[in-house]
Amino acid sequence: MGLIGEKLEIDFVISTGDNFYEDGLTGEEDPAFLDSFTSIYTAPSLQKQWYNVLGNHDYRGDVEAQLSPVLTRKDSRWLCSRSFILDAEIAEFVFVDTTPFVDEYFEDPGDSTYDWRGVYRRKEYLSDLLKDVDGALKNSKAKWKIVVGHHTIKSAGHHGVTKELLLRLLPILEENNVDMYVNGHDHCLQHISSNGIEFLTSGGGSKAWRGDRNWWCPEELKLYYDGQGFMSVKMTRSEAVVLFYDVHGNILHKWSIPKEPLKAA
């Protein structure tokens, strides 16, 4: 990642959640923050702002700790919030807190305990969140619209389709002509192109699930790699180039997305 980051002269890094395994952080002083973040991403090119969303494993720990400014004081690169907007001039990234959408975590959590502080009024929380996402995308004047969440919407991986997002979030993405949805959750690298949206899974940052793959329409599935790796996105006003890499920096997949110029009214 460091070498590719240097080559591309990256502006920032995005983490798609499940930032700390297995059960998030125990608090602001949990040594896992330094052990799994600061002491790992030491390359000069990675000393840029990191934008992080929460995953389901993060909700199994002290969620408020990951959102705390105390962590930012420990490492100024760290920025984590439930949902937020990143205005990157020609592109706008809308980060969405997807974990509270999933019914299973509330109805059948098994041996896991989730920290639902801030989400206790779940129905209202999700309703407000969806309105905010829709409003942000409608008001966006950016050339590119990218939505980032932890959970899959479309995936041939172990977790597969997240039906709650398929029903509630996807229609908003389609209505607002979103270009990409970027997620983690499934431990693989994956690219599905469907109905004008590029569904990009970057979940190979640590543990990878070998051989855990389900069938998906070959016309839509552009890449499925069940190993470790990461991805990059380089954007101009006329084109976005998406690349997936294995852990050695070898290119596994490259995809170019053209952007038509806006026509004068």
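Since the structure is predicted, the reported quantities are computational estimates derived from the model, not experimental observations.

S.K.: Sorry, what's going on with the overall build of the protein chain here?
M.R.: Secondary structure assignment for the protein chain yields eight helices and 13 strands. Expressed as lengths along the three principal axes of its C-alpha atoms, the size of the protein chain is roughly 50 × 40 × 40 Å. The buried share of the protein chain, taken over its 265 residues, is 53%. In the protein chain, of all internal contacts separated by at least 6 residues, the share reaching a separation of at least 24 is 66%. Here the protein chain displays about 13,200 Å² of accessible surface, and carbon together with sulfur accounts for 49% of that area.

S.K.: Explain a nonpolar patch on the surface here, please?
M.R.: A cluster of nonpolar residues, Val161, Leu166 and Leu167, forms a patch on the protein surface that exposes about 260 Å² of accessible area. Within the secondary structure, Leu167 is located in helix 7 (residues 163-168).

S.K.: When you look at the packing of aromatic side chains in this model, what are you seeing that I'm missing?
M.R.: Two measures describe an aromatic ring pair: the distance that separates the ring centres and the angle between the ring planes. Following the criterion strictly, the structure yields 19 aromatic pairs and no others. Between Phe20 and Trp78 the ring centres are 5.7 Å apart and the planes differ by 40°, which places this aromatic pair in the tilted class. Placement of the pair is Phe20 in the loop between strand 1 (12-15) and helix 2 (32-38) and Trp78 in strand 3 (residues 78-80), with a sequence separation of 58 residues. The same class applies to Phe20 and to Trp78, which are both buried.

S.K.: How should I be thinking about the UniProt feature "binding site: Fe cation 1" (unreviewed entry) in the protein chain in this particular structure?
M.R.: The residues that UniProt annotates with the feature "binding site: Fe cation 1" (unreviewed entry) are Asp18, Tyr21 and His187. In sequence the annotated residues extend across 170 residues, while in space they remain close, none of their C-alpha pairs exceeding 12.9 Å. Examined against the element boundaries, Tyr21 turns out to sit in the loop between strand 1 and helix 2. When sequence neighbours within four positions are dropped, the list of residues in contact with Tyr21 reads His57, His187 and Lys207. Of the polar contacts made by the side chain of Tyr21, one reaches the side chain of Asp18; its length is 3.3 Å. With respect to the helices, strands and loops of the structure, His187 is situated in the loop between strand 7 (180-183) and strand 8 (189-194). In this structure His187 comes out as buried when scored by relative accessible area, which is 7%.

Cut-offs applied
Residues numbered from 1 in each chain as written. Predicted model: local features only at pLDDT ≥ 70, side-chain atom pairs only at ≥ 80, totals over all residues. Heavy atoms only, no water. Helix = DSSP H or I, 4+ residues; strand = E, 2+ residues; numbered from the N terminus. Buried < 20%, exposed > 50% of the residue type's maximum accessible area, 1.4 Å probe, protein only. Contact = heavy atoms within 4.5 Å. Areas by Shrake-Rupley, 256 points an atom, 1.4 Å probe, with all protein chains shown as cover. Patch = residues over 30% accessible without salt bridge, like charges linked within 9 Å, V, L, I, M, F, W, Y side chains within 5 Å. Salt bridge = Lys/Arg side-chain N within 4 Å of Asp/Glu carboxyl O. Phe/Tyr/Trp six-rings, centres within 6.5 Å; stacked < 30°, edge-to-face > 60°. UniProt positions renumbered as here; feature names shortened; annotations may be inferred. Polar contact = N/O pair within 3.5 Å; in protein donor to acceptor, adjacent residues only side chain to side chain.

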